[in-house]
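Secondary and tertiary structure notes
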Amino acid sequence: MLKWLDKLGSKPDHPMHNIAAAKSLLADLPEDPGKALEEVTSWLNTLTVTEGFRLADRVGIVKLLDETGQPFESQLVHLYLKSDEFKEYARMRAWQVALEFWERLTDAYRLCLTQFGRDPKAARGLADGLPLLIVRCLRALANVTRVLRLRYLPVGDGIWQALFEVYRLSEAAGCDNQRFAAYAGDTLTTPRQELLCALMLDAATPESIRPRQVELTARAAARFADSFLFRPTPETPCNWYIDLAKPGRPLQVSARVSVQTTMRFFGAGIAIARIDEILQRMMANPDEKIKLLGEDYSSEDKLLVLKRLMLYWSEHPPRRRAERSQTTAEIEVTHEFKHVARVVPRVELSGMAEIAQGTMDVKLKESFRLQLAEDQQQVPTERWLEQDTSTWGVGVEIPRGSESWVRVGILCGLKDDAQQWWAGVVRRLYRDNKNRAHAGIEILAKKPVAVWLRGVGKDAAVTENWAASSDYSYLNVILLNDSAMAAQRNELLLARGVFQAGNIYEVMAGDTTRYLKFEELLGEGEDFNHVRFTWDKGKPQVVK
């Protein structure tokens, strides 16, 4: 089937027949990054299917196309992640072009590896040799997984098989832990580290985070790859394993695992301590700009991702807290913070003290004492099919018409015919083999209540006149009563972008005046912040 490989080495019938011709043709690429990368990808495709290239020429041209295309790919991924600034068609096109680039680059490097093995004499003439080809191929494959994860698409067994096969070449050649720079100006890497980049991204459960966080997590995996553990036998803290002979995503280690010689066990190792050190510095100097992981992300974005990795890469990563029970029922759903804040009940004045004292059985009222005109607007709702449920989770099938807005991190209000509105957030997205979309929703609170807060301290403005208030002096928040963490801490949700640690607010409800203080940002979604707060017993001293 591959008889044409025997002809490799003769002069190819291709415009890029050598390095000089390739450089000349690439000098006239379009300025538009999408069109430029499409052209680079097309050259990679034709190069891969054309016979007759000498090994040195093929390797040199592939490397040149690789280095030429990567800056354009970075621009397209940046465009894709800027969802608020570009039309959906432009974003999807940018994503598709980026994915095709990495897929064709992978094909080209794998062909080079095949030719390398078939022509040892020509291979000896390459200064870079086998290790460089392996590292670059593994990195291209890892980037395929990264770009797929940006859209919550599964990494198929074929990609895992390619990763494992290429990595096994490094073990067979004895260069799996050989350190060198894959590209000019790069930090040193190894074939093992490049494989770990893909493995640790998967271990971080990227289906449960937003696309920008997927990108940051991939960068973190590359940044800390030299600290990860990779062993042939189980040991602490290697929490996951792969079988190089059986393609598939990593699995968590358990007592039931029967160790095979083709298995490899891995974990975060000292990366946890390194991340913790960075977090401590960031929290001690919140105004310091951290260049780690790139300057195109804010310190807040980096802080949230690193905190999450401390948890998901730890010796005891999160697991499903309860078994799901299968069910078939319809639930009413609304989404976005502004809508959920309208459908959940507000606190009766006499019930405020009970919340502050930790009592979960809160009295609720149907008519609000504090209302704005927007609260009277109709809240849009949909009917979804509930498929499974647990104490703090719901699995649903997403109607086709709702797929465009459902994303990881979207806040939802959920209600069946017998319960009050719950507050939940989409934590996981996936598609089945019939291309139907499904979501896993974490229940944040079963008795959420909405209240208005008035800023009275630190960076919150003091306003004497309610009617003249602005969004910055008054906040509409959702208190998360009856939540999984209610016994350990107080939590609330508020619109994204207004959280400031240390701000003190008066709760605009209750017979007794109550104050609360924002302490810590626990997480964020599409349009909300998840915040830990404490109750203040007395009125704070306010400097006007």
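Up top you'll find the structure we're talking about.
Here, residues in each chain are numbered from 1, in the same order as that chain's written sequence. Totals for whole chains, interfaces and linings use every residue, but because this is a predicted model, local features are given only for residues with pLDDT of at least 70 and side-chain atom pairs only at 80 or more, for both listing and counting. Just so you know, side-chain values use all the structure's heavy atoms and leave hydrogens and water out.

1. Quick notes on the layout of surface pockets
Its boundaries defined by the atoms lining it, the second largest pocket holds a volume of some 1100 Å³. Cavities and pockets were defined on a 1 Å grid built over protein atoms only: a cavity is a set of grid points that admits a 1.4 Å probe from which the probe cannot escape, a pocket is an open set flanked by protein on both sides within 12 Å along at least five of seven lines, and lining residues are those with an atom within 4 Å of any such point. Lining the second largest pocket we find 37 residues, and of these Arg139, Ala218, Arg219, Ala222 and Arg223 sit closest to its centre. Each helix is a run of DSSP H or I of at least 4 residues and each strand a run of E of at least 2, with the numbering of both proceeding from the N terminus. Of all the secondary-structure elements, those providing two or more residues to the lining of the second largest pocket are helix H3 (55-81), helix H6 (129-149), strand S2 (188-189), helix H8 (191-203) and helix H9 (211-223). The element that contributes the greatest number of residues to the lining of the second largest pocket is H3, accounting for seven residues. Grid points are joined across faces, edges and corners, and a volume is the space filled by probe spheres set on the points.

2. Comments concerning the packing of H6 against helix H7 (residues 157-173)
In contact at an axis separation of 10 Å, H6 and H7 are set at 160° when each is read in the N-to-C sense. By the criterion of interaxial angle, the relationship of H6 to H7 is roughly antiparallel. When the axes of H6 and H7 are compared, the crossing they make is left-handed. Contacts between H6 and H7 pair Leu130, Ile134, Cys137, Leu138, Leu141, Ala142, Val144, Thr145 and Leu148 from the former with Ile159, Ala162, Leu163, Val166, Tyr167, Leu169, Ser170 and Ala173 from the latter. Three categories are distinguished: nonpolar for Ala, Val, Leu, Ile, Met, Phe, Trp, Tyr, Cys and Pro, charged for Asp, Glu, Lys and Arg, and polar for the others, with Gly belonging to the last. Broken down by class, the residue content of the contact of H6 with H7 amounts to 15 nonpolar, two polar and no charged. Only the stretch in contact is used when fitting a helix axis, every axis being a line fitted to C-alpha atoms; angles between N-to-C directions are given from 0 to 180 degrees. Any angle that falls under 35 degrees is termed roughly parallel, while one over 145 is termed roughly antiparallel, one within 65 to 115 roughly perpendicular, and all others oblique. By the definition used in this description, the sense in which the near helix is turned from the far one sets the handedness, with an anticlockwise turn below a right angle giving left-handed and a clockwise turn giving right-handed. Here, residues are in contact when the closest pair of their heavy atoms is within 4.5 Å.

3. Side note on the side chain of Asn476
If you trace the backbone, Asn476 turns up in strand S16 (residues 474-479). When a residue's accessible area, from a 1.4 Å probe over protein chains only, is under 20% of the maximum for its type it is buried; when over 50% it is exposed; and in between it is partly exposed. By relative accessible area, which is 14% here, Asn476 ends up buried. Contacts of Asn476, omitting those with residues within four sequence positions, involve Phe337, Ala341, Arg346, Ala450, Val451, Trp452 and Leu494.

4. Some remarks on the nonpolar core
Soluble globular proteins tend to bury their nonpolar side chains together. Ranked by internal contacts, the top residues of the largest apolar core, which has 94 residues, are Leu65, Leu163, Leu199, Met200, Phe224 and Trp313. Tallying contributions element by element places helix H4 (residues 88-118) first for this core, with 13 residues. Setting aside residues no more than four positions away along its own chain, Leu163 makes contact with Leu138, Leu141, Ala142, Thr145, Leu195 and Ala198. Here, the term nonpolar core denotes a set of buried Ala, Val, Leu, Ile, Met, Phe, Trp, Tyr and Cys residues that are joined through side-chain atoms within 4.5 Å. One finds Trp392, Val394, Trp405 and Trp422 within the second-largest nonpolar core, a separate group that totals 21 residues.

5. Some thoughts on empty space enclosed by the protein
Any empty space left between atoms is shown by rolling a water-sized probe over those atoms. Following the criterion strictly, the structure yields two cavities of 30 Å³ or more and no others. One number sums up the size of the second largest cavity: a volume of about 50 Å³. By residue number, the principal contributor to the lining of the second largest cavity is H9, which donates three residues. For the lining of the second largest cavity, a count of residues per class yields three nonpolar, one polar and five charged.

6. Topic: the pairing of strand S15 (residues 449-457)
Across the nine residues of S15, eight count as buried, placing the element largely inside the fold. Here a strand pair is declared whenever DSSP counts at least two bridges between the two strands. Note that S15 and strand S18 (residues 504-507) share four bridges and pair antiparallel. Following the sheet pairing, Leu453 is matched in S18 by Val507.

7. Brief notes about the sheet that holds strand S13 (residues 422-431)
Strands sit in the order S7-S10-S11-S14-S13-S12 around a closed barrel of six strands; the barrel is antiparallel. Ignoring strand direction, the axes of neighbouring strands in this sheet form an average angle of 45°. Looking at chain direction, strand S7 (residues 325-335) and strand S10 (residues 382-390) are connected through seven bridges and run antiparallel. Across the sheet, residue Ala329 finds its bridge partner in S10, namely Glu386.

8. Looking at the state of the cysteines
Disulfides are covalent bonds that connect the sulfur atoms of two cysteines. Cysteine sulfurs are considered disulfide-paired once they come within 2.5 Å of each other. Within the structure shown, the criterion is met by zero disulfides. The thiol of Cys112 is unpaired, and the distance to the nearest cysteine sulfur, on Cys137, comes to 9.0 Å. A relative accessible area of 0% means that Cys112 is categorised as buried.

9. Remarks on the environment of Trp384
Following the sequence through the fold, Trp384 ends up in strand S10. Trp384 sits 52 residues away from Glu332 along the chain, and the two C-alpha atoms are 6.5 Å apart. Residues in contact with Trp384, not counting those within four places in the same chain, are Ala329, Glu330, Ile331, Val333, Val396, Glu397, Ile398, Pro399, Ser402, Trp405, Val406 and Ile441.

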